[in-house]
Structures are given as structure tokens and as C-alpha cells.
Amino acid sequence: MKKMDQVNENCGNANTTDASSDTLDNVLSKIGFGKFNYVVIALAGITLACVFLETVTINVILPLAQCDLDMTTQDKSILSSIGFVGIILSSHLWGFLADTRGRKKVIVPTLFIASFLSLVSSIATSFWLLLLLRFLNGVFISGPSATVYAYVGEFHSVEMRSRALMYVSAVLGLACYWYPGTASWILNQEWSHYFAALDITLKPWRLFIIIATLPTIVCAICLLIFVPESPKYTFAQGDEAETLSILQLAYRKNKGNSFHLKIKSLTKDDEFGVGLKERNQNVFEFMWNQTKPLFQHPHLKNTLRACFIQFSIFSSTNGFWTFFPEIANGIGIWRYDGDQPATICEIYNATRSLQVNSNVSLASNQCLTKLEPSTFINILVEHTIYAVGWIILAVIINKIGKLIAINSIFTICTISAITLIFSKSSLLSNISYVTVMAVGLTITVVSASTAELCPTQYRAMALCLSLMVGRLGGVCGSLFIGFLMDHYCTYIFLMPAVLLAISACLTFTIPNIGNID
């Protein structure tokens with residue numbers, strides 16, 4: 001504090017903002033929105049893109065790796081979901097560590113470890129080794145997946161928090177273009193190189209895993225160097241000097257080095273009225289005490305509501321994503337073969353045997369070496385919807401409010417799910433299927449609402465818990481669809497229609513969600 005005061009005194013005629021004491025949220029409002037915020041938002045968005053790449057890369061390489069790793073259809077199903085199992089099992093731990101050890105101290109190390117495990121998985125020579133490595137990768141990539149929302153939100157005042165999180169999602173959507181771009185470039189090449197030292201044959205699918213991991217490494221390095229810990233976390237820890245130092249850094253980056261925020265102390269408002277638990281407890285007791293308040297009054301309703309809504313969203317978007325390439329490919333074959341009127345389920349049943357026999361039949365020794373161009377086009381379209389959608393939400397979220405934004409998307413996606421049951425147009429079915437998966441646009445808005453309802457010391461834990469339940473919904477959605485697809489295809493589209501309709505009703509009970517900033 002003395003050192004910082006001396007710096008302020010030596011500034012002479014330097015520009016200052018005069019206030020001896022103020023609340024943290026008011027100070028964040030004075031800091032404004034500038035270069036520092038853009039850096040935090042950009043790195044956070046890229047971090048989430050890295051999380052996405054680490055979890056979905058395995059899906060696109062499964063058909064190509066099947067023969068090399070001698071995988072059955074059941075093996076591929078297990079491998080595609082094992083990363084999410086790791087995320088689900090570890091989300092609670094990372095939420096606890098983020099609330100008690102620091103946001104940045106969780107995000108950076110877990111990114112490094114996850115990228116290392118992903119690189120090692122690129123040279124796995126057996127299904128079981130790859131399964132273990134992708135599970136561990138899921139465990140560690142879970143760290144930043146929810147923590148980053150709390151991290152970004154705590155650099156912004158209440159009136160700017162939702163917009164900042166929308167910008168993060170927009171960066172996520174744009175950064176994810178790396179996925180279809182590199183996949184279409186690398187995976188459809190035909191070459192192989194044998195490395196005797198490792199006793200493996202390097203093929204495009206192995207190279208793609210390596211290339212897809214590079215952004216994670218670069219992002220972790222940038223986070224380590226260019227951004228500080230969350231000011232709200234340090235303040236909740238009682239480290240006022242460090243908090244003031246972080247605020248000064250943000251202010252100078254936004255206003256210029258000649259500007260100084262003259263704040264001598266921070267006033268604790270209701271958000272910081274409850275301190276963290278004592279450190280002399282063992283880790284399990286500490287974790288329990290950190291979680292228990294979320295399931296007690298006054299947080300219980302908010303916790304259960306957020307968990308159910310995220311479960312509904314993830315089951316609709318991640319659940320349907322599992323079969324998206326196969327169904328989209330089937331629609332492409334159907335349209336090329338005459339495009340007779342048929343529902344999406346009729347198309348799936350008619351083209352499924354053809355795709356299986358021609359692409360991935362181990363019994364006939366036919367190993368897939370390339371993916372259909374339509375697969376990459378559909379992935380590109382989905383990413384574009386997310387990128388543009390998040391940008392639009394970032395611009396209008398403060399004008400229309402979170403309630404209208406969430407319910408508009410829920411309504412459109414519910415109608416699209418119902419359309420899939422009856423539509424006999426392959427084009428309309430394809431559009432409707434893509435639209436249902438676009439419900440993931442609301443994940444960030446719901447996360448922002450969850451963050452605003454929780455005090456700082458429980459915020460990361462609440463986000464991790466809700467997203468953990470959400471990912472459980474993704475796994476359940478995939479299993480539900482996979483179980484019914486072959487014989488009860490029509491009924492799978494009732495799942496998102498019902499869940500999203502219920503969730504839309506629940507959003508009206510979220511406190512203050514209808515407020516417009």
C-alpha cells in the first residue's frame with residue numbers, strides 16, 4: 001500500500017480519479033471498458049475454444065482411427081463420451097479449487113496438463129491407452145471450462161458483465177473456425193509415415209490431434225503472462241493490496257499510463273459480507289462446506305433451477321451433436337439419390353446401412369480414410385450460427401435483457417424439434433436439426449445469470465456444478481438418442497421439445513433476469 005501511495009504522490013500533475021474509498025463494483029465501473037478488458041475477453045474466449053477443441057476433436061477422428069486401433073462401434077461410443085465423463089467427475093473439484101485457491105491458478109495449470117495429455121494421446125497405439133488419456137484430458141480440461149466464466153465476470157461491473165460474457169462467447173465462436181478449417185485440410189489427406197522408434201504409423205488423424213492442441217498451449221502461455229488474478233477473488237480472500245494493484249493495472253491499460261486510480265481502500269458491500277471458511281479444515285470438509293450453502297436457503301432454488309436448465313440445454317445441443325455428422329451425411333446421400341419426400345427418421349433408416357457398410361465395416365476390411373465434404377460444411381455452418389449468434393447477443397443483451405434472449409432461443413429450438421417429427425423435406429429437416437443444436441447459445445446467458453445470483457466465494461463452484469449437470473445432460477442425451485434411434489427415432493425429438501419448454505417456463509422465476517441494464 002505504501003509503495004502504491006508513493007507512486008500516486010509522485011505523479012504530480014498526472015490524471016487521477018479521486019475517491020478515497022469505494023465498493024469494488026463501483027471501481028470497476030470507473031475503470032470502464034477498454035484495452036485491458038478486450039485482452040481478458042479474447043483470452044477467455046480462446047480458452048473456451050480450446051476446451052471445445054479438446055472435447056470434440058475425438059469425434060471427428062473416430063471413423064478414421066477405427067482400423068488403426070481395432071475399435072468396434074461400442075468402443076467408439078465409449079471413447080466419444082469418456083472426455084465428458086472426466087469433466088463431470090472433476091467439475092466439483094475444480095469449482096472448489098477455483099473458489100479457494102484462485103481462478104487463474106486453476107485455469108493455467110490445467111490447460112498445460114490437458115494439452116500435454118492430448119499430445120501424448122496422438123501417439124496412442126491401443127484403444128485402452130487412448131481411452132485413459134482422453135479421460136484424463138477431460139478431467140483437466142474441466143478446470144477452465146467453467147472457471148473462466150467467473151474469471152471474466154469478476155473483471156466487469158454488473159452493467160457490463162452480461163455483455164462481456166457474450167463477447168467471450170463470440171470470440172469462442174470465431175476461434176472455433178480453427179476446427180473445421182484444419183480438419184478439412186488435414187484429415188482428407190492420404191499419407192502415412194512409420195516411426196520405428198515409437199512403433200507407430202503417423203497418419204492425418206494423429207497429426208490433427210497435435211495441431212488441434214497447439215492453441216491450448218499458446219493460450220495457457222498468454223494467460224500466464226498477460227493477465228492477473230481476478231480482483232474479486234483477491235478481495236474476497238482479504239488481500240486488499242493485491243486487489244488495488246490489479247485495479248490500477250486495469251485502469252492504466254484502459255486510460256493510459258499517465259492516469260491513476262486514486263483509491264486508498266475498498267468498501268465491502270453485501271457480496272463480501274461472508275468470508276471464506278477457515279483453512280484449518282481438511283480438504284474434503286472444506287470442499288463440503290464450500291458446496292453445502294448452494295443447497296441451502298437462499299441458494300437452493302437458484303442452484304436446482306440453473307442445473308435443470310443447463311441439463312436441458314446440453315442434452316439438446318451435445319446430445320444431438322453426437323449423431324449430427326452421420327445424419328447430415330445421410331441427408332446428403334438422400335438428396336443426391338433423388339430427394340423423395342421423407343422424414344428425417346425415414347432418411348436415417350434408409351441410408352444407415354449404406355453408410356455403415358461402405359464406410360466403417362471392419363468385417364469387409366473397408367477402412368474409412370476420408371470424410372465427406374458435406375460433413376465439414378455442416379460443422380462450418382453450425383460454428384457460423386454460434387459465432388454470429390453470440391455477436392448479436394453481445395450487442396443486444398443489455399437492450400432486451402436476458403429473459404427475452406433466452407426464451408426467444410428456447411422457443412425457436414422447441415419449434416424446430418417438433419418440426420423434425422413431421423417434416424418430409426430433407427432441406428427443412430437439415431435446417432431444423434442444426435437449429436435445435438443452436439440452443440447452446442443460451443449456455444453463456446444462463447451462466448451469467450447464475451454468476452450474478454451467487455456471492456463471490458461460491459460463484460465458481462455454482463458455475464462448475466451447473467455446467468457439470470449440464471454435461472451430464474449431454475451424456476444422457478447421447479445415450480437416450482443412441483438407444484432409441486434405430487427403432488423409436490421419432491420419439492427422440494420430443495426430448496428437447498419438452499425439456500426446453502419446461503426450462504423456458506423456469507426462466508421466469510429467476511430473480512432479476514428480466515432487468516434491462
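Residues numbered from 1 in each chain as written. Predicted model: local features only at pLDDT ≥ 70, side-chain atom pairs only at ≥ 80, totals over all residues. Heavy atoms only, no water.

*Asks:* So what exactly am I meant to see when it comes to the overall build of the chain here?
*Replies:* If you tally the helices and strands in the chain, you get 21 helices and 6 strands. Classification of the 517 residues of the chain by burial places 56% in the buried group. For the chain, the proportion of contacts with a sequence separation of at least 24, taken over those separated by at least 6, is 82%. (Helix = DSSP H or I, 4+ residues; strand = E, 2+ residues; numbered from the N terminus. Buried < 20%, exposed > 50% of the residue type's maximum accessible area, 1.4 Å probe, protein only. Contact = heavy atoms within 4.5 Å.)

*Asks:* Could you clarify how one ought to interpret the state of the cysteines in this entry?
*Replies:* A covalent bond between the sulfur atoms of two cysteines is referred to as a disulfide. The full count for this structure, using the stated rule, is 1 disulfide. The disulfide partner of Cys345 is Cys489, and the gap between their sulfur atoms is 2.0 Å. Between Cys345 and Cys489, the S-S torsion sits near -80 degrees, and that sign places the bridge as left-handed. Of this pair, Cys345 sits in helix 15 (residues 344-359) while Cys489 sits in the loop between helix 20 (456-484) and helix 21 (494-507); the two residues are 144 residues apart in sequence, bridging distant segments of the chain. Accessibility assignment for this pair places Cys345 and Cys489 in one class, buried. (Disulfide = S-S within 2.5 Å.)

*Asks:* Just checking my understanding: could you explain the environment of Leu403 for this structure?
*Replies:* Relative to the elements of secondary structure, Leu403 occurs in helix 17 (residues 402-422). In this structure, the C-alpha to C-alpha distance between Leu403 and Ser449, residues 46 residues apart in sequence, is 9.8 Å.

*Asks:* Teacher, can you tell me more about helix 13 (residues 300-321) here?
*Replies:* Its 22 residues give helix 13 an end-to-end C-alpha distance of 31 Å, which sits within 8% of 32 Å, the value for a rise of 1.5 Å per residue. Taking the largest bend as the criterion, helix 13 deviates by roughly 25 degrees, centred on Ser315. Of all 22 residues that make up helix 13, 16 are buried, and the element is covered over most of its length. (Expected span 1.5 Å × (residues − 1). Bend = angle between axes of the 7 residues up to and from the residue.)

*Asks:* What should I look at first to understand unusual backbone geometry in this one?
*Replies:* Excluding glycine, most residues fall at negative phi; most peptide bonds, likewise, are trans. Going from His297 to Pro298, the amide bond is cis rather than trans, its omega being 10 degrees. Along the polypeptide, Pro298 turns up in the loop between helix 12 (283-291) and helix 13. Even without being a glycine, Asp70 presents a positive backbone phi close to 55 degrees. One can find Asp70 in the loop between helix 3 (35-65) and helix 4 (73-100).

*Asks:* Quick question: what am I supposed to make of the packing of aromatic side chains here?
*Replies:* Ring pairs (aromatic) are described by centroid distance and by the angle formed between their planes. This model, assessed by the stated rule, comprises 12 aromatic pairs. Plain terms: the ring middles of Phe33 and Tyr38 are 5.2 Å apart, the flat faces sit at 85 degrees to each other, and that makes the pair edge-to-face. Pairing Phe127 with Trp128 gives two aromatic rings, centres 5.0 Å apart and planes at 70 degrees, and the pair type is edge-to-face. We classify Trp128 as exposed; its relative accessible area is 63%. Counting every residue linked through ring pairs, the aromatic cluster contains Phe33, Tyr38 and Tyr167. (Phe/Tyr/Trp six-rings, centres within 6.5 Å; stacked < 30°, edge-to-face > 60°.)

*Asks:* Explain the packing of helix 13 against helix 18 (residues 426-437) to me, please; I cannot follow it from the model alone.
*Replies:* When two helices pack together, their arrangement is given by the angle between their axes and by how far apart the axes lie. Two elements in contact, helix 13 and helix 18, have axes separated by 8 Å at closest approach and are oriented at 130 degrees. The orientation of helix 13 with respect to helix 18, classified from their angle, is oblique. Here Ser316, Thr317, Phe320 and Trp321 of helix 13 come into contact with helix 18, specifically with Tyr433, Val436 and Met437. The residue inventory of the contact of helix 13 with helix 18, partitioned by class, reads 5 nonpolar, 2 polar and no charged. (Axes fitted to C-alpha atoms, helices over the stretch in contact; angles between N-to-C directions. Parallel < 35°, antiparallel > 145°, perpendicular 65-115°, else oblique. Nonpolar A, V, L, I, M, F, W, Y, C, P; charged D, E, K, R; others polar.)

*Asks:* Explain the side chain of Ser316 here, please?
*Replies:* Topologically, Ser316 is positioned in helix 13. The residues contacting Ser316, other than those within four sequence positions of it, are Val436, Met437, Val439, Pro496 and Leu500.

*Asks:* How should I be thinking about the packing of helix 17 against helix 18 in this particular structure?
*Replies:* As a packed pair, helix 17 and helix 18 sit with axes 8 Å apart at the nearest point and diverge in direction by 140 degrees. Compared by their axis directions, helix 17 and helix 18 come out oblique. In the crossing of helix 17 with helix 18, the sense of the turn from one axis to the other is left-handed. Only Leu428, Ser429, Ser432, Tyr433, Thr435 and Val436 of helix 18 make contact with helix 17, whose side of the interface consists of Ile412, Cys413, Ser416, Ala417, Thr419 and Leu420. (Left-handed = near helix turned anticlockwise from the far one by under 90°.)

*Asks:* Would you take a moment to explain the pattern of salt bridges for this structure?
*Replies:* One side chain can pair with another of opposite charge once the charged atoms of both are near each other. Evaluation of the coordinates by the stated rule reveals 8 salt bridges. Residue Lys30 is joined to Asp22 by a salt bridge in which the shortest nitrogen-to-oxygen separation is 2.9 Å. Take Lys30: its relative accessible area is 32%, and that puts it in the partly exposed class. For the salt bridge of Asp68 with Lys203, the shortest nitrogen-to-oxygen distance reads 2.8 Å. A residue pair is termed long-range when its members are at least 10 positions apart, and Asp68 in the loop between helix 3 and helix 4 and Lys203 in the loop between strand 4 (200-202) and helix 9 (204-226) qualify at 135 residues. (Salt bridge = Lys/Arg side-chain N within 4 Å of Asp/Glu carboxyl O.)

*Asks:* Please explain the environment of Glu346 as it appears in this structure.
*Replies:* Structurally, Glu346 is set in helix 15. Here the alpha-carbon distance between Glu346 and Cys489, two residues 143 residues apart in the chain, equals 8.8 Å. Side-chain polar atoms of Glu346 contact the backbone nitrogen of Thr343, separated by 2.9 Å. (Polar contact = N/O pair within 3.5 Å; in protein donor to acceptor, adjacent residues only side chain to side chain.)

*Asks:* Any chance you could explain the environment of Val60 here in plain terms?
*Replies:* With respect to the helices and strands, the residue Val60 is situated in helix 3. Considering only alpha carbons, one finds Val60 and Tyr179, 119 residues apart in sequence, at a separation of 9.9 Å.

*Asks:* I keep staring at a nonpolar patch on the surface and nothing clicks. Help me out?
*Replies:* A cluster of nonpolar side chains, Val39, Phe112, Ile113, Ile221, Leu224, Ile225 and Phe226, forms an exposed patch at the surface whose accessible area comes to about 610 Å². Of all the secondary structure elements, the ones that give two or more residues to the nonpolar patch are helix 5 (103-121) and helix 9. Here Val39 lies in helix 3. The exposure class assigned to Val39 is partly exposed, which follows from its relative accessible area of 36%. (Patch = residues over 30% accessible without salt bridge, like charges linked within 9 Å, V, L, I, M, F, W, Y side chains within 5 Å. Areas by Shrake-Rupley, 256 points an atom, 1.4 Å probe, with all protein chains shown as cover.)

These figures capture arrangement, not role.
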